[in-house]
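Inside the fold
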Amino acid sequence: MAALIVNAWCFALLWCLSGRILFTVTLTAMLTAALWIANKAKMKALRDEPLVITDVALAWQVIRFPGLYLPFLPCKILIPGGIIWSLLCLALWFSGEAAAAAYGWWIIVALPPVLLLLIRLSPARFAEYLLSPFQLKFDPRLDAEKYGPMGAALLHLIWHLSHNPASRAIIKEGELPEPAMPPVWGASFQNLLAAPPAASQLPNIFLVQAESFCDPRVFSPAVPRDLLPNWDALTSQGQSGAFRVRDFGAYTLRTEFAALTGQPPEVLGTYAFYPYLAALKTPVWSMAYFLRKFGYRAVCLHPFHREFFFRHRAMPHMGFQEFVTMESFPKRDTYGPYISDKSVAEAMTDLIRESKEPVFCFAITMESHGPWLPGRFKKEFPDGDAPKIPGLSDPVCRYLAHVKNADAMMGMLAEGLSKADRPGVMALYGDHLPNLPDLITEGETATPYIVWKTDSTPGSGIKKDIRPEEIGGGILSFFWGSVSS
């Protein structure tokens, strides 16, 4: 029913604007087919997650960064089909005279925008009343399964228009907010507030979101057992385990937002689909704000375009004083198509060497980003491709070359923290599993994580599975151990 309503509205809009019935029918069918194909492509790539209403905000990225998205679309069908359909629409436009649409069509066109505007201007209770017959889970798969992809999108739109972003965590512009402790962070948060440590005891803190990182040895015996020597050494000393990421193969920003704010997706409504929409206009409380209350220098490093996911607007509103991207990245060595993990590690360790104050550096790596296609390593290997490993596909072998570099980055970061003149804490996690069906077990979504501090000793490691929103508590518990020891 929802799909029929949307198609009828699109038909009415095009009919009123063009006055050409055949053109309107053809273009409406073309847009419907394109949306259907895009939805199917997303569901195939991301384990049945359909398009959601906030994907509209991501649509520009498909045009701006096509290499990240087009490999997952059926371009062999879309491109020639789009050309043929566009030529047909063009021919139909010039095939006859335009007719004036009756007033009834204009009423059909105007009614939905007016209703949505009323919802936007009304108190949230009005939308909640409208949605009360529906039991929305704000889970893309569950809601689409129950109401259909288009029906779920319309219901999510009603909720989205009527609710302020992350209202539980909103703070005033230009102020360091009073701490709003996420319940999942536990007692460590309160301990630090009750007994603030001396400035000299504050540890440098590295939090690394490693692109598509996992331990591939878990998924295939063909992966070399000595692939991750630094990871193995660090996990024997720190806290590690499964990082219960909810998404597969994409949506880095969902994991990122949860890790920084301690907010689980269940409290965000539709903002759980694209959390940075909550921070584009309004500051949102985060770990960066919390640590700045202790005199920290809060820096976010991301060796990619600053406007990707609108981070250039979101990160300052998340409390980061500095946002360093590829446009001004101090080390621009690449490995494959993106700035290397080694460059990220060098930039992070340079920060703590040059800073008198303690540093909180959140790094979002890019080197391992897929898809892992032929021609990725034009300068890294003599034959232009990663060495082949028996039992593993070529894309997996390319991915392993990056995992090896991520492991080397961990070793560089641990060494840099250990050489500093204050204690250090490093936390690292994978934002999501790589979209490699040849490697990853069907249904698995969890990535690994570690929280490690410089005074850890071999054999003292502990295992604990956590959710992304809980890692702040893990960092602060190690933080507290550092400053109280």
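Basis of the calculations
Residues numbered from 1 in each chain as written. Predicted model: local features only at pLDDT ≥ 70, side-chain atom pairs only at ≥ 80, totals over all residues. Heavy atoms only, no water. Helix = DSSP H or I, 4+ residues; strand = E, 2+ residues; numbered from the N terminus. Rg over C-alpha atoms; globule rule 2.2 N^0.38 Å. Areas by Shrake-Rupley, 256 points an atom, 1.4 Å probe, with all protein chains shown as cover. Lys, Arg positive; Asp, Glu negative; His and termini not counted. Charge placed at Lys NZ, Arg CZ, Asp CG, Glu CD. Buried < 20%, exposed > 50% of the residue type's maximum accessible area, 1.4 Å probe, protein only. Pairing = 2+ DSSP bridges. Contact = heavy atoms within 4.5 Å. Axes fitted to C-alpha atoms, helices over the stretch in contact; angles between N-to-C directions. Parallel < 35°, antiparallel > 145°, perpendicular 65-115°, else oblique. Left-handed = near helix turned anticlockwise from the far one by under 90°. Nonpolar A, V, L, I, M, F, W, Y, C, P; charged D, E, K, R; others polar. Patch = residues over 30% accessible without salt bridge, like charges linked within 9 Å, V, L, I, M, F, W, Y side chains within 5 Å. Salt bridge = Lys/Arg side-chain N within 4 Å of Asp/Glu carboxyl O. pLDDT = per-residue confidence, 0-100. Core = buried A, V, L, I, M, F, W, Y, C linked by side-chain atoms within 4.5 Å. Phe/Tyr/Trp six-rings, centres within 6.5 Å; stacked < 30°, edge-to-face > 60°. Lys NZ or Arg CZ within 6 Å of the ring centre and 35° of its normal. Expected span 1.5 Å × (residues − 1).

If you tally the helices and strands in the protein, you get 16 helices and ten strands. In terms of overall size, the protein behaves like a compact globule, its C-alpha atoms giving a radius of gyration of 25 Å where 485 residues would be expected to give roughly 23 Å. Overall size of the protein, expressed as C-alpha extent along the three principal axes, is 80 × 60 × 40 Å. Roughly 22,100 Å² of accessible area belongs to the protein as shown, and the carbon and sulfur atoms make up 63% of that amount. In the protein, 43 positive and 43 negative side-chain charges are present, and the distance between their average locations comes to 3 Å.

Right, let's get into the pairing of strand E2 (residues 239-243). A large share of E2 lies buried, amounting to five of its five residues. Judged from the five bridges that link them, E2 and strand E9 (residues 447-453) form a sheet pairing that is antiparallel. Across the sheet, residue Gln-239 finds its bridge partner in E9, namely Val-451. Sheet topology places E2 next to strand E10 (residues 462-463); two bridges connect them, and they run parallel. Paired with Ser-240 across the bridge in E10 is Lys-463.

Spatially, the eight strands line up as an open sheet ordered E4-E3-E7-E1-E8-E9-E2-E10, and their pairing is mixed. With one partner strand each, in any of the chains shown, strand E4 (322-325) and E10 form the two edges of the open sheet. Seen against the sheet, helix H14 (residues 341-354) touches strand E1 (204-210), strand E3 (297-302) and strand E7 (359-364) and runs at an angle of roughly 165° to E3.

Any two packed helices are characterised by the angle at which their axes cross and by the distance between the axes. It is at 9 Å that the axes of helix H1 (residues 2-18) and helix H2 (residues 21-45) come closest, and there the two elements cross at 140°. Put simply, H1 runs oblique to H2. For the pair H1 and H2, the crossing hand works out as right-handed. Judged by residue contacts, Asn-7, Cys-10, Phe-11, Leu-14, Trp-15 and Ser-18 of H1 engage Ile-21, Phe-23, Thr-24, Val-25, Leu-27, Thr-28, Leu-31 and Thr-32 from H2. Within the contact of H1 with H2, the residues separate by chemical class into nine nonpolar, five polar and no charged.

We now examine a nonpolar patch on the surface. Where nonpolar side chains cluster on the molecular surface, the patch consists of Ile-79, Ile-83, Leu-87, Leu-90, Trp-93 and Phe-94 and spans about 650 Å² of accessible area. Within the secondary structure, Ile-79 is located in helix H4 (residues 75-93). The class of Ile-79 is exposed, set by a relative accessible area of 52%.

For the rest of this paragraph, the subject is the confidence of the model for the protein. Across the protein, the average pLDDT comes to 89, with 94% of residues at or above 70. The low-confidence segment residues 166-171 (pLDDT under 50) makes 19 contacts with residues lying over four places distant or belonging to another chain.

Right, let's get into the nonpolar core. Residues Tyr-276, Leu-301, Phe-320, Phe-360, Phe-362 and Ile-471 are the most contacted members of the largest nonpolar core, which totals 120 residues. Top contributing element to this core by residue count: helix H15 (residues 394-419), with eleven residues. Here Ile-471 is in contact with Leu-207, Phe-243, Ala-259, Ala-427, Tyr-429, Tyr-449, Val-451 and Ile-466, once residues within four sequence places are set aside.

Here we take up the pattern of salt bridges. This model, assessed by the stated rule, comprises 22 salt bridges. For Asp-247, the salt bridge goes to Arg-254, with nearest N and O atoms at 2.7 Å. As far as the burial class goes, Asp-247 and Arg-254 line up, both buried. Where Arg-297 meets Glu-354, a salt bridge forms, and the shortest distance between an N and an O atom there is 3.4 Å. One end of the pair, Arg-297, is in strand E3; the other, Glu-354, is in helix H14, with 57 residues separating them in the sequence. Exposure remark for Arg-297: the relative accessible area of 14% places this residue in the buried category. What you see here is one network of salt bridges that share partners, running through Lys-42, Glu-49, Asp-55, Arg-141, Asp-247 and Arg-254.

Looking now at the packing of aromatic side chains. Think of a pair of aromatic rings as described by two things: how far the centres are apart, and how the planes are tilted against each other in angle. According to the stated counting rule, one finds 25 aromatic pairs in the structure shown. Look at Trp-185 and Trp-285: their rings are 5.7 Å apart centre to centre, the planes differ by 50°, and that puts the pair in the tilted class. One end of the pair, Trp-185, is in the loop between helix H8 (149-162) and helix H9 (187-194); the other, Trp-285, is in the loop between helix H11 (252-261) and helix H12 (287-292), with 100 residues separating them in the sequence. No difference in accessibility class separates Trp-185 from Trp-285, as the two residues are buried. Look at Trp-372 and Tyr-399: their rings are 5.5 Å apart centre to centre, the planes differ by 80°, and that puts the pair in the edge-to-face class. One end of the pair, Trp-372, is in the loop between E7 and H15; the other, Tyr-399, is in helix H15, with 27 residues separating them in the sequence. Like Tyr-399, Trp-372 is buried. Members of the aromatic cluster, connected to one another through ring pairs, are Trp-60, Phe-65, Tyr-274, Phe-304, Phe-308, Phe-309, Phe-310 and Tyr-338. It is Arg-254 that lies over the ring of Tyr-251; its NZ or CZ is 3.4 Å from the centre.

Taking 1.5 Å of rise per residue, the 17 residues of H1 would be expected to cover 24 Å, and the 24 Å separating its terminal C-alpha atoms lies within 8% of that figure. Among all positions of H1, only Ala-2, Phe-11, Ala-12, Leu-14, Trp-15, Cys-16 and Ser-18 are buried. In this fold, the buried residues of H1 make contact with H2, H4, helix H5 (103-121) and H8. Once H1 ends, the next one or two residues include Gly-19, with phi positive near 70°.

Two elements in contact, helix H6 (residues 124-131) and H8, have axes separated by 8 Å at closest approach and are oriented at 165°. Judged by the angle between their axes, H6 and H8 are roughly antiparallel. The handedness of the crossing between H6 and H8 comes out as left-handed. Listed contacts from H8 to Ala-124, Ala-127 and Leu-131 of H6 are Leu-155, Ile-158, Trp-159 and Ser-162. In terms of residue class, the contact of H6 with H8 is made up of six nonpolar, one polar and no charged.

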